[in-house]
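# Summary of structural features
Each chain, written out:
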Amino acid sequence: MKFHFCKQSFCMILLLALLLLSFDIVHAQADGAAEVGVFANYEVLPDSRIEVPVEIRNVQDLYAIDIEIRFDPDVLSCEDADPGTDGIQPALGTFLDAGLALFNEVDNETGIVRLAMTQVNPSEPKSGDGVILVLYFRSRVEGDCELTVSKVELSDRGGQAIPAGGVSGRIVVTSGAEVAEATSIPVQDPTQMIPIPTLAPTATLTATPVPTK
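The following refers to the structure shown. Treat the numbers as computed from the prediction; the structure is a model and nothing was measured.

### With respect to the packing of aromatic side chains
Tallying each qualifying case throughout the model produces 1 aromatic pair. Here the aromatic rings of Phe-71 and Phe-137 are separated by 5.1 Å at their centres, their planes lie at 70°, and the arrangement is edge-to-face. Residue Phe-71 is located in the loop between β4 (64-70) and β5 (76-78), and its partner Phe-137 is located in strand β9 (residues 126-139); the two are separated by 66 residues in the primary sequence. The ring of Tyr-136 has Arg-49 lying over it, and the distance from NZ or CZ to the ring centre is 4.5 Å. Positioned above the aromatic ring of Phe-103, the side-chain terminus of Arg-114 is 4.3 Å from the ring centre.

### Things to note about the pattern of salt bridges
With the rule as written, the count across this model stands at 11 salt bridges. Here Asp-66 makes a salt bridge to Arg-114, at a shortest N to O gap of 2.8 Å. Note that Asp-66 is positioned in strand β4 and Arg-114 in strand β8 (residues 112-118), a separation of 48 residues in sequence. We note that Asp-66, like Arg-114, is buried. A salt bridge links Asp-144 to Arg-170, with the nearest nitrogen and oxygen atoms 2.8 Å apart.

### A word on the pairing of strand β1 (residues 34-37)
Sheet topology places β1 next to strand β12 (residues 164-167); 4 bridges connect them, and they run parallel. Bridge pairing in β12 links Glu-35 to Gly-165. Pairing geometry for β1 and strand β3 (residues 49-62), over 3 bridges, is antiparallel. Bridged to Val-36 within β3 is Ile-56.

Criteria and cut-off values
Residues numbered from 1 in each chain as written. Predicted model: local features only at pLDDT ≥ 70, side-chain atom pairs only at ≥ 80, totals over all residues. Heavy atoms only, no water. Phe/Tyr/Trp six-rings, centres within 6.5 Å; stacked < 30°, edge-to-face > 60°. Helix = DSSP H or I, 4+ residues; strand = E, 2+ residues; numbered from the N terminus. Lys NZ or Arg CZ within 6 Å of the ring centre and 35° of its normal. Salt bridge = Lys/Arg side-chain N within 4 Å of Asp/Glu carboxyl O. Buried < 20%, exposed > 50% of the residue type's maximum accessible area, 1.4 Å probe, protein only. Pairing = 2+ DSSP bridges.

The following block contains the structure:
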């Protein structure tokens, strides 16, 4: 039981360290830096479903990730990959092992996808290329929607930052799009992810004056 507590405490510290990193994705495009995002552009019909992989390339010793992707909610909506959990979740790809997640959610009102997670022992660091997330979009109206990586921060097992840059893709919704036969992208069982509850605001007790006689 003590080991379990220590392991979760370490992972929470790793996630918090990742969230506090201030690595500038604009300056992360140096040679050898990892790239994370949507590496393809798509053209789809209105009211159609499309699977969009969020990929990582050229990474070394990845253990934790914090990524935010923005889209136009007037053009697209994101479908839930985990009906058994409250809210809307993206699907976890097969590159990282499911672990502890501080954020794993989609906000269709603001058009924001957020994943902040870390692997846990005995998972090993991952290197190379692969799929981090799969987003299930439903096109709503005709329009041009950029999938913008507004934040990406990576760290290794020791909490050290890994240089990374964001890659933005695009989905064009048009009645002139050709119908393409899609192949389902492999994802992991969503129940394998362990959510970390975020701290809720603590209620403040207010003293009520007692009238004197």
